[in-house]
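Take a look at the letters that make up each chain.
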Amino acid sequence: AVPRTRILATGGASHNKKILQVLSDVFNAPVFTIDTANSACLGSAYRAIHGLVAERNVSLADVVKLAPEPRLAVTPTPGAEELYRPLLKRYAELEQKVIYNSASSC
C-alpha cells in the first residue's frame, strides 16, 4: 500500500490538470505544484545544501523551510482508489520480480 502522502509536481507537465488528476487518482494523494523556474535544479540545490549541513544534524525539512510554498492543484477523485489499489499492488509485485530477476542474473 502507498503511504498517505502528497505529491509535488514540477516542470512542464505540472501545468496540465488532467495529468495531475491521473497522478492524484492513481496514488490516492493530493497533488501540489510550485511555480518556480528550473525546479529540478532547485531540488538538487536543496539536497546539496542538506548534504553540506547533514553532519550538524540539520534535517532536509529544515533546509527547505524557505522554499516556495506549494499550492494544492488537485485531490483524488472519490472512488478512484478502489480502481487503482489492486493495480498498484500488481505493479509493485511485477517491479519486485524485475528487480529480483535482474539481481540474480548478475
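Conventions used here
Residues numbered from 1 in each chain as written. Predicted model: local features only at pLDDT ≥ 70, side-chain atom pairs only at ≥ 80, totals over all residues. Heavy atoms only, no water. Phe/Tyr/Trp six-rings, centres within 6.5 Å; stacked < 30°, edge-to-face > 60°. Lys NZ or Arg CZ within 6 Å of the ring centre and 35° of its normal. Salt bridge = Lys/Arg side-chain N within 4 Å of Asp/Glu carboxyl O. Helix = DSSP H or I, 4+ residues; strand = E, 2+ residues; numbered from the N terminus. Buried < 20%, exposed > 50% of the residue type's maximum accessible area, 1.4 Å probe, protein only. Pairing = 2+ DSSP bridges. Axes fitted to C-alpha atoms, helices over the stretch in contact; angles between N-to-C directions. Contact = heavy atoms within 4.5 Å. Core = buried A, V, L, I, M, F, W, Y, C linked by side-chain atoms within 4.5 Å.

This part covers the packing of aromatic side chains. A full pass over the atoms with the stated rule returns 0 aromatic pairs. Its guanidinium or amino end placed over the ring of Phe32, Arg6 lies 4.8 Å from that ring's centre, counting from NZ or CZ.

With that out of the way, let us pick up the pattern of salt bridges. Side-chain pairs of opposite charge can arise where the charged atoms are in close proximity. With the rule as written, the count across this model stands at 4 salt bridges. Taking the shortest distance from any N to any O, the salt bridge between Glu81 and Arg85 comes out at 3.6 Å. Pair noted here: Glu81 and Arg85 are both in helix H4 (residues 80-104), with a separation of 4 residues, about one helical turn. Judged by its relative accessible area of 47%, Arg85 is partly exposed.

Another aspect to go through is the sheet that holds strand S2 (residues 31-33). Adjacent strands of a sheet form backbone hydrogen bonds with each other and so pair up, either parallel or antiparallel. Taken in spatial order, the 3 strands make up an open sheet running S1-S2-S3, and their pairing is mixed. One side of each edge strand has no neighbouring strand; the edge strands of this open sheet are strand S1 (7-9) and strand S3 (71-74). Across the sheet, the axes of successive neighbouring strands diverge by a mean angle of 45 degrees, strand direction being ignored. As defined by bridge partners, S2 adjoins S3 across 3 bridges and the pair is classed as antiparallel. Paired with Phe32 across the strands is Leu72, a residue of S3. The strands touched by helix H1 (residues 17-27) are S1, S2 and S3; relative to S3, the strand with the most contacts, the crossing angle is about 85 degrees.

Grouped together as the largest cluster of nonpolar side chains are 7 residues: Ile7, Ala9, Leu20, Ala29, Val31, Ala73 and Val74. Only S1 and S3 provide two or more residues apiece to this core. In contact with Val74, not counting residues within four places along its chain, are Lys17, Leu20, Gln21, Ser24, Pro30 and Val31.

Turning our eyes to something else, we now look at unusual backbone geometry. Even without being glycine, Asn28 reaches a positive phi, approximately 50 degrees. Tracing the sequence through the fold places Asn28 in the loop between H1 and S2. The exposure class of Asn28 is partly exposed, given its relative accessible area of 23%. If you check the backbone angles, Asn57 has positive phi at about 60 degrees while not being a glycine. Along the chain, Asn57 falls in the loop between helix H2 (39-53) and helix H3 (60-63). Classification of Asn57 by relative accessible area gives exposed; the value is 73%.

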